[in-house]
Amino acid sequence: MATKTVSKEELKSLYEKDFVLWVEKNLRLLKEKQFDEVDWENLLEEIEDMGRRHLESVISFMATILEHLYKWENFRENENMGNGWIRNIINSRAKLEKLFIEIPSLKHKAPNELETAWKYAVIDLISWFKKPENTHLANKYFGREPTVIDFPEKCPYTFRQILEYEPWKKNKEE
C-alpha cells in the first residue's frame, strides 16, 4: 500500500514541527524502499545522536562515581558521613555494567571519556559545596566556595578504579 507522497521540504519542516510524525513518515519511506524521499540529513544526525546519548549516560555515571569517590577520600568528616555516596557509587556502577552488557562497545569507549567525566564531577563537587548545608565544609577546606582550580586538573582515578575501587572497605580493614 503506497503512502501519500510528502515532499522533501515538507518532511524537513516536519522534523522541526512534529518529530514523532517525522519518524513515522521516514520509517514508512524506508520500509517501502523510497530512499530518494527520505530526509537523510536529519535521519543521519538522529542516528549519530542515538549513539552519543548512550555514551553520555556512561559519562554521567562515571562522573557520579568520581564525585563520590573524591568526596569520600577528601571531605568525609565522620563515620556517619558518606553512606549515601557509597550507595550512589554502587548504583552507578550497576547501571554502567548494564550498559556495558547491552552495548559492549561502550566499555571500550568509556576510558577515553575519563577526563570529560572528571570535568563533570568537578562541576558537581563545586555545586555540592554551594549547598547551604555544606558551606561550612567549603570554608573549612577552601576558606571560600571552591572553584575549578581547587581540584586536580587531571582525573585522579583510573577507569579500573571507577569500576572497582572501594575505599570505604579499606578504611574498615585498618
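Before reading further, recall that the structure is shown in the block above.
The structure displayed is predicted, hence computed values, not measured ones.

Draft legend 1. View of the overall build of the protein. Along the protein, the regular secondary structure elements total 9 helices and 0 strands. Taking 174 residues into account, the globule formula puts the C-alpha radius of gyration at 16 Å, and the protein, at 23 Å, lies well above it. Seen through its C-alpha atoms, the protein measures out along the principal axes to roughly 70 × 35 × 25 Å. Taking all 174 residues of the protein together, 36% fall into the buried category.

Draft legend 2. Local environment of the nonpolar core. Among the nonpolar cores identified, the biggest contains 41 residues, and Val58, Met62, Leu66, Leu96, Trp118, Phe129 and Phe151 are the most heavily contacted of them. Of all the secondary-structure elements, those providing two or more residues to this core are helix H3 (40-75), helix H4 (83-102), helix H6 (114-130), helix H7 (135-142) and helix H8 (159-164). With residues up to four places along the chain from it excluded, the contact list for methionine 62 reads Leu96, Ala110, Glu113, Leu114, Ala117, Phe159 and Ile162. Listed in part, the 8 residues of the second largest apolar core include Leu14, Tyr15, Trp22 and Leu29.

Draft legend 3. Examining the environment of threonine 64 more closely. Within the secondary structure, threonine 64 is located in helix H3. When the C-alpha positions of threonine 64 and proline 152 are compared, they lie 16 Å apart, and in sequence the two are 88 residues distant. Setting aside residues no more than four positions away along its own chain, threonine 64 makes contact with Asn88 and Ser92.

Draft legend 4. The arrangement of the packing of aromatic side chains in detail. Tallied over the entire structure, the rule returns 16 aromatic pairs. Between phenylalanine 75 and phenylalanine 142, the aromatic rings sit 5.9 Å apart at their centres with planes inclined by 50°, giving tilted as the arrangement. Of the two residues, phenylalanine 75 sits in helix H3 while phenylalanine 142 sits in helix H7, which places them 67 residues apart along the sequence. When its relative accessible area of 5% is taken as the criterion, phenylalanine 75 is described as buried. Take phenylalanine 142: its relative accessible area is 19%, and that puts it in the buried class. Within the aromatic cluster, the residues linked to one another by ring pairs are Tyr70, Phe75, Trp85, Trp118, Trp128, Phe129, Tyr141, Phe142 and Phe151.

Draft legend 5. Looking closely at the side chain of serine 92. Within the element layout of this structure, serine 92 appears in helix H4. For serine 92, a relative accessible area of 6% corresponds to the buried category. When neighbours within four sequence positions are excluded, serine 92 is seen to be in contact with Phe61, Thr64 and Ile65.

Draft legend 6. Spotlight on H7. For H7, every residue scored as buried is listed here: Leu137, Ala138 and Phe142. Taken around the axis of H7, the buried residues stretch over an arc of 105°, which confines them to a single face. Of the surrounding elements, those touching the buried residues of H7 are H3 and H6. Count one or two residues on from H7 and you reach glycine 143, which has phi positive near 75°.

Draft legend 7. Up close: the environment of isoleucine 90. Tracing the backbone shows isoleucine 90 in helix H4. For the pair isoleucine 90 and proline 111, spaced 21 residues apart in the sequence, the C-alpha separation amounts to 19 Å.

Draft legend 8. Local environment of unusual backbone geometry. A positive phi angle, near 60°, is found at lysine 33, a position not held by glycine. With respect to the helices and strands, the residue lysine 33 is situated in the loop between helix H2 (19-31) and H3.

Draft legend 9. Here's a closer look at the pattern of salt bridges. A complete count under the given rule lists 9 salt bridges for this structure. Between lysine 140 and glutamate 77 there is a salt bridge, with its nearest N and O atoms 3.1 Å apart. Of this pair, lysine 140 sits in helix H7 while glutamate 77 sits in the loop between H3 and H4, and the two are 63 residues apart along the sequence.

Criteria and thresholds
- Each residue is numbered by its place in its chain's sequence as written, counting from 1.
- The model is predicted, so local features are restricted to residues of pLDDT at least 70 and side-chain atom pairs to those at 80 or more, both for listing and for counting; the totals for chains, interfaces and linings are taken over all residues.
- To obtain the side-chain values, all non-hydrogen atoms of the structure were used and water was disregarded.
- Elements are defined by DSSP. Helices are runs of H or I of four residues or more, strands are runs of E of two residues or more, and each kind is numbered from the N terminus.
- In this treatment the radius of gyration is a C-alpha quantity, and the globule benchmark scales as 2.2 Å times the residue count to the 0.38 power.
- Using a 1.4 Å probe on the protein chains alone, a residue whose accessible area is under 20% of its type maximum counts as buried, one over 50% counts as exposed, and one in between counts as partly exposed.
- Here the nonpolar core consists of buried residues drawn from Ala, Val, Leu, Ile, Met, Phe, Trp, Tyr and Cys, with membership extended through side-chain atoms lying within 4.5 Å.
- We call two residues contacting when some pair of their heavy atoms lies within 4.5 Å.
- A pair of aromatic rings is counted whenever rings of Phe, Tyr or Trp (Trp by its six-membered ring) have centres within 6.5 Å, and the orientation is called stacked for planes under 30 degrees apart, edge-to-face for over 60 and tilted otherwise.
- In this description, one arc is meant: the one made by directions from the helix axis to the C-beta atoms.
- For salt bridges, the criterion is a side-chain nitrogen of Lys or Arg within 4 Å of an Asp or Glu carboxyl oxygen.

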